[in-house]
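Single-letter residue listing:
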Amino acid sequence: MKSSLIFIFIFILWGCSHKNKENIVASDPQLDSIKEWITIAKSGTELSMAKRKLYLEKSQIEIDQLTNDTNRLQLLSSLSLAYQKLKDSLKFRETNSNTIEAADKGHFYEVLGNSHWDLAIFFESYAVLDSAFYHYQKALNNFDKLPVKHSLKSKGIVLYNMARIQNSYKDYLGAELSISEAIKIFDDFEDNLRLHNSYNVLGSIANGRNDIDKALEYYAKAENYLEGIELSTKQNLSWTNQNNIASALMRVGNYTDAKIAYENLLSDEELKIKNPKLYVKATSSLAYTLFKQNQNLEKIQYLLDDAKNINKENNDFQNLARLNQFYAELLAAKGDTAQALLLANESREIAKETYNNDRSLEVLKILADIDPVNAGRYFDEYADLNEVVQEEESTKRNKFARISLETDQVIEENQVLTEEKQMWAGAVFGLVVFGFAFISIVILYINNNRLKFKQKQQESNQEIYNLMLSQQGKFEEGKQLEQKRISEELHDGILGEMLGIRLILSGLNEREDMASVAQRADLIEKLRGVEEEIRTISHELNSAAYKKFHNFIVSLEDMIGDIEQSSGITCSFTYDNEVSWDNLLGDIKINAYRIVQEALKNCIKHAESQRVTINFQPVGDNLQLTITDDGVGFDVNKGRKGIGLKNIISRTKKVKGTVDIDSQKGVGTTITVTIPARFIEMNVMEQTQTANA
């Protein structure tokens, strides 16, 4: 034990020195200059792009000359982030790759986590979501290796980003697990802004599953967290949340409530000025909601025209596909098929360019309705695209799962290798310096196990001894009562009569007359009566010896009676008088006793029984113990067995028996234990036969 503690202490010291080496960045004029150049390059918007990149190149030269790995890697990480901000993809990738390689060699987990995080954001900006997810996962795994307080918030943000990507590919289960972990972290920090965003993601997940009630619940929680936020963006966040609620209602066809929600959102006149993109979405959605309710087509067209004009002013290309789709449906309803087809096809092309497969599928269905002549072709395209989309989503979901699994496996393998190195180093060190202590620990461990084994043995022997002592006590009590009865019979009856006869015979001993002879004959007859009485008592004693006092049965009756009295339930115990219960093997008696005791405990604690029936009868070569209660019952096919039932099954196995449990809810439970009947006399006989053979 001492050597183990010393090993741990040495490794802790090493880890602490390593941590300090990683986290402490000394204040130095050279370092301060590099930091300043990187800051100028990132935020100096008044400078030309070429000038800003010159600052970064100068920083790179100075960083390469640094000898302190911690300082160099942290500054490299800042440098790569600066290149990312300047949209210089090549230099960002090059610097980021160098940072990751060096940090991995030196086990600088914070730098590794941040570098993978930067790379994930880079891939996400180019919509390469599988690569983004991979690097978010790598970042998360590196943050896991840092002290909890040091990296907890970073882990929460990374988990939030992973959940968004998983949700976009309809990996709802994975997304829900990731965002739930993030919420726990943000909740600890009381970070209301990120809690608001996280519950919005949860609402989006529920919306994707068509669980509208859950989605609305999460959006409501998100809105509540806005109350504790003091930001200039608070109003925009609230508008977005209201739009999410209305969108969820519209998605499931609840157009009445969706209309009310969109009208409430659009009633805020500032929305159009401060967030025109959201205004376009809300206005076009309100128009579509009215269209689905068969409202006035002119009003609907007015709303769509308004949305289209605002969208054109803001050059929002992505939202144009949605607007054109809604407009196409409106024109088709008004009978302008040609223009409807034109707008539907425009919507489809924009959806293709922006990789919006869901929009493409919706437009194909609309085209099939507008253009019935070519409906077959549209349906074929819909089926093909739908199959591709589902396959792509499934592939991505599997890839996400594989990334998590493979990353965990790599971490586990690295951890195993590290542990092996430490183990070998510790083993060598321990053998040289603490060999004797190690041997002492092994000896103490062995002795401790032996003591535990002996203790368990003593507990088992004590249990058997207590039962035997109880039986012996009851046997002695019965024996004393029987002795007292015999003493009273002999003293009060036979001895009294014999004393009277002896006195009379003494007086008649010298007389020879006929009266005396007749009297002596009567007295001899009385002696015969006394002899008969002694024979009767002897017969009774012999019968009592034959039908021994049932100590095992009495023990059961006492235990059942005590439980009946203390619990208030009614117990009925029946058994076969012809069975030599006291001659059963000790194991059978002890375990049968405990099975009844355990079953009655269950009746009191769990079954809520009013009446219990216990029956112990021979069945062929076996003994059958049946315990039936009128309690609440349970489903034997569902859930795990409790400790009581496990004990009953375990004790039945000890005596090579079988147990059957039959229970129904509201009816009660019946436990049937079948035990092979084995008696002491049978064992003695078997041993004698074996010895003779």
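The rules behind the values
Residues numbered from 1 in each chain as written. Predicted model: local features only at pLDDT ≥ 70, side-chain atom pairs only at ≥ 80, totals over all residues. Heavy atoms only, no water. Helix = DSSP H or I, 4+ residues; strand = E, 2+ residues; numbered from the N terminus. Buried < 20%, exposed > 50% of the residue type's maximum accessible area, 1.4 Å probe, protein only. Contact = heavy atoms within 4.5 Å. Areas by Shrake-Rupley, 256 points an atom, 1.4 Å probe, with all protein chains shown as cover. Core = buried A, V, L, I, M, F, W, Y, C linked by side-chain atoms within 4.5 Å. Expected span 1.5 Å × (residues − 1). Salt bridge = Lys/Arg side-chain N within 4 Å of Asp/Glu carboxyl O. Pairing = 2+ DSSP bridges. Right-handed = clockwise from strand over helix to strand, strands pointing away. Axes fitted to C-alpha atoms, helices over the stretch in contact; angles between N-to-C directions. Disulfide = S-S within 2.5 Å. Patch = residues over 30% accessible without salt bridge, like charges linked within 9 Å, V, L, I, M, F, W, Y side chains within 5 Å. Phe/Tyr/Trp six-rings, centres within 6.5 Å; stacked < 30°, edge-to-face > 60°. Parallel < 35°, antiparallel > 145°, perpendicular 65-115°, else oblique. Left-handed = near helix turned anticlockwise from the far one by under 90°. Nonpolar A, V, L, I, M, F, W, Y, C, P; charged D, E, K, R; others polar. Lys, Arg positive; Asp, Glu negative; His and termini not counted. Charge placed at Lys NZ, Arg CZ, Asp CG, Glu CD. pLDDT = per-residue confidence, 0-100.

Caption draft 1: Fine view of the overall build of the protein chain. The secondary structure content of the protein chain amounts to 26 helices and 5 strands. With 693 residues in all, the protein chain has 38% of them scored as buried. Long-range pairs, those at least 24 residues apart, make up 63% of the contacts in the protein chain between residues at least 6 apart in sequence. Of the accessible surface of the protein chain, which amounts to about 40,600 Å², a share of 53% is contributed by carbon and sulfur atoms.

Caption draft 2: Up close: the nonpolar core. If you look at the biggest cluster of nonpolar residues, it comprises 63 residues, and the most contacted ones within it are Leu-56, Tyr-136, Val-158 and Ile-179. Of the residues forming this core, the biggest block, 8 residues, is contributed by helix 8 (residues 148–168).

Caption draft 3: Examining helix 24 (residues 586–607) more closely. In a regular helix each residue adds 1.5 Å, so 22 residues correspond to 32 Å; helix 24 covers 30 Å between its end C-alpha atoms and thus fits that length. In the stretch just after helix 24, Glu-608 is the one whose phi turns positive, near 55°.

Caption draft 4: A look at the pattern of salt bridges. Here the structure, examined in full by the defined rule, presents 18 salt bridges. Residue Lys-91 pairs with Glu-94 through a salt bridge whose shortest N-O separation is 3.8 Å. A residue pair is termed a helical-turn pair when its members lie 3 or 4 positions apart in one helix, as Lys-91 and Glu-94 do in helix 5 (residues 89–106) at 3 residues. Glu-124 is paired through a salt bridge with Arg-164; the nearest N and O atoms lie 2.8 Å apart. Taken together, the positions of Glu-124 in helix 6 (residues 109–125) and Arg-164 in helix 8 put the pair 40 residues apart, joining distant regions of the chain. A cluster of three or more residues bridged by salt bridges with shared partners is formed by Lys-153, Asp-191 and Arg-194.

Caption draft 5: Highlighting the pairing of strand 1 (residues 570–575). Where strand 1 and strand 2 (residues 611–619) come together, 6 bridges link them in parallel fashion. Counted as the bridge partner of Ser-572 is Thr-613 from strand 2. For the handedness criterion, the β-α-β arrangement of strand 1, helix 24 and strand 2 is classed as left-handed.

Caption draft 6: Representation of the sheet that holds strand 5 (residues 668–676) in the model. Pairing is mixed in the open sheet, where 5 strands are placed in the order 1-2-3-5-4. Strand pairing shows two members of the sheet lacking a second neighbour, strand 1 and strand 4 (658–664), which therefore form its edges. Neighbouring strand axes in the sheet, compared pairwise and without regard to direction, differ in orientation by 10° on average. Helix-sheet contacts for helix 23 (residues 551–567) involve strand 1 and strand 2, and the interaxial angle to strand 1 is about 170°.

Caption draft 7: Molecular detail of the state of the cysteines. Within the structure shown, the criterion is met by 0 disulfides. Cys-571 takes part in no disulfide bond, and the closest cysteine sulfur to it belongs to Cys-603, at a distance of 7.8 Å. Take Cys-571: its relative accessible area is 12%, and that puts it in the buried class.

Caption draft 8: Spotlight on a nonpolar patch on the surface. A contiguous nonpolar patch, built from Phe-438, Ile-439, Val-442, Ile-443, Tyr-445 and Ile-446 and spanning about 590 Å² of accessible area, is present on the exposed surface. With respect to the helices and strands, Val-442 occurs in helix 21 (residues 435–508).

Caption draft 9: Representation of the packing of aromatic side chains in the model. Within the structure shown, the criterion is met by 12 aromatic pairs. Relative to Trp-581, the ring of Tyr-575 lies with its centre 6.5 Å away and its plane at 80°, an arrangement referred to as edge-to-face. With centroids separated by 4.7 Å and ring planes inclined at 40°, the aromatic side chains of Trp-581 and Phe-616 adopt a geometry described as tilted. With Trp-581 in the loop between strand 1 and helix 24 and Phe-616 in strand 2, this pair connects stretches of sequence that are 35 residues apart. Accessibility expressed as a relative area gives 0% for Trp-581, which makes it buried. By relative accessible area, which is 1% here, Phe-616 ends up buried.

Caption draft 10: Quick look at the packing of helix 6 against helix 7 (residues 129–143). Two elements in contact, helix 6 and helix 7, have axes whose closest approach is 8 Å; the angle formed by their N-to-C orientations is 165°. Our classification of the angle between helix 6 and helix 7 gives roughly antiparallel. Viewed along their axes, helix 6 and helix 7 form a crossing whose handedness is left-handed. In this structure, helix 6 uses Tyr-109, Glu-110, Leu-112, Gly-113, Asn-114, His-116, Trp-117, Leu-119, Ala-120, Ile-121, Phe-123 and Glu-124 to contact helix 7, whose residues at the interface are Leu-129, Ser-131, Ala-132, His-135, Tyr-136, Lys-138, Ala-139, Asn-142 and Phe-143. Residues belonging to the contact of helix 6 with helix 7 are distributed by class as follows: 12 nonpolar, 6 polar and 3 charged.

Caption draft 11: How the structure looks around the side chain of Thr-289. Relative to the helices and strands, Thr-289 is located in helix 15 (residues 276–292). If sequence neighbours within four positions are ignored, Thr-289 has contacts with Met-250, Tyr-255, Ala-258, Lys-259 and Tyr-262.

Caption draft 12: View of the pairing of strand 5. Burial of strand 5 is extensive: 7 of the 9 residues sit out of reach of the surface. Pairing of strand 3 (residues 622–629) with strand 5 involves 8 bridges; the strand directions are antiparallel. Its bridge partner being in strand 5, Gln-624 is matched across the sheet by Thr-674. Two strands pair when backbone bridges link them, and strand 4 and strand 5 are joined in this way by 7 bridges, in the antiparallel orientation. Among the inter-strand pairings, Asp-662 is bridged to a residue of strand 5, identified as Thr-670.

Caption draft 13: Helix 23, seen in detail. The end-to-end C-alpha separation of helix 23 is 24 Å, in line with the 24 Å expected for 17 residues at 1.5 Å each. Residues Asn-551, Phe-552, Ile-553, Val-554, Ser-555, Leu-556, Met-559, Ile-560 and Ile-563 constitute the buried set of helix 23. Positive backbone phi, approximately 90°, marks Gly-568, located one or two places after helix 23.

Caption draft 14: Here's a closer look at a negative patch on the surface. A cluster of acidic residues, Asp-380, Asp-384, Glu-387 and Glu-391, forms a negative patch at the surface. In this structure, Glu-391 sits in helix 20 (residues 375–433).

Caption draft 15: Focus on the confidence of the model for the protein chain. Across the protein chain, the average pLDDT comes to 79, with 79% of residues at 70 or higher. Across residues 682–693, confidence stays below pLDDT 50; counting only partners more than four residues off in sequence or on other chains, it has 2 contacts.

Caption draft 16: Examining the environment of Leu-140 more closely. Tracing the backbone shows Leu-140 in helix 7. Remark: the alpha-carbon pair of Leu-140 and Gly-113, spanning 27 residues in sequence, is separated by 6.7 Å.

Caption draft 17: Spotlight on the packing of helix 17 (residues 317–334) against helix 19 (residues 357–370). For the pair helix 17 and helix 19, interaxial distance at closest approach is 11 Å and the crossing angle is 15°. One element, helix 17, and the other, helix 19, form an angle in the roughly parallel class. You can see that helix 17 and helix 19 cross each other, and the crossing is left-handed. Seen from helix 17, the contacting residues are Ala-321, Arg-322, Gln-325, Ala-328, Glu-329 and Ala-332; seen from helix 19, they are Arg-359, Glu-362, Val-363, Ile-366 and Ile-370.

Caption draft 18: Structural view of unusual backbone geometry. Phi at Ala-127 takes a positive value of approximately 60°, unusual for a residue other than glycine. Tracing the chain through its elements places Ala-127 in the loop between helix 6 and helix 7. Classification of Ala-127 as exposed rests on a relative accessible area of 55%. Residues other than glycine seldom take positive phi values, yet Lys-656 does so here, at roughly 60°. By the element assignment, Lys-656 lies in the loop between helix 25 (643–654) and strand 4.

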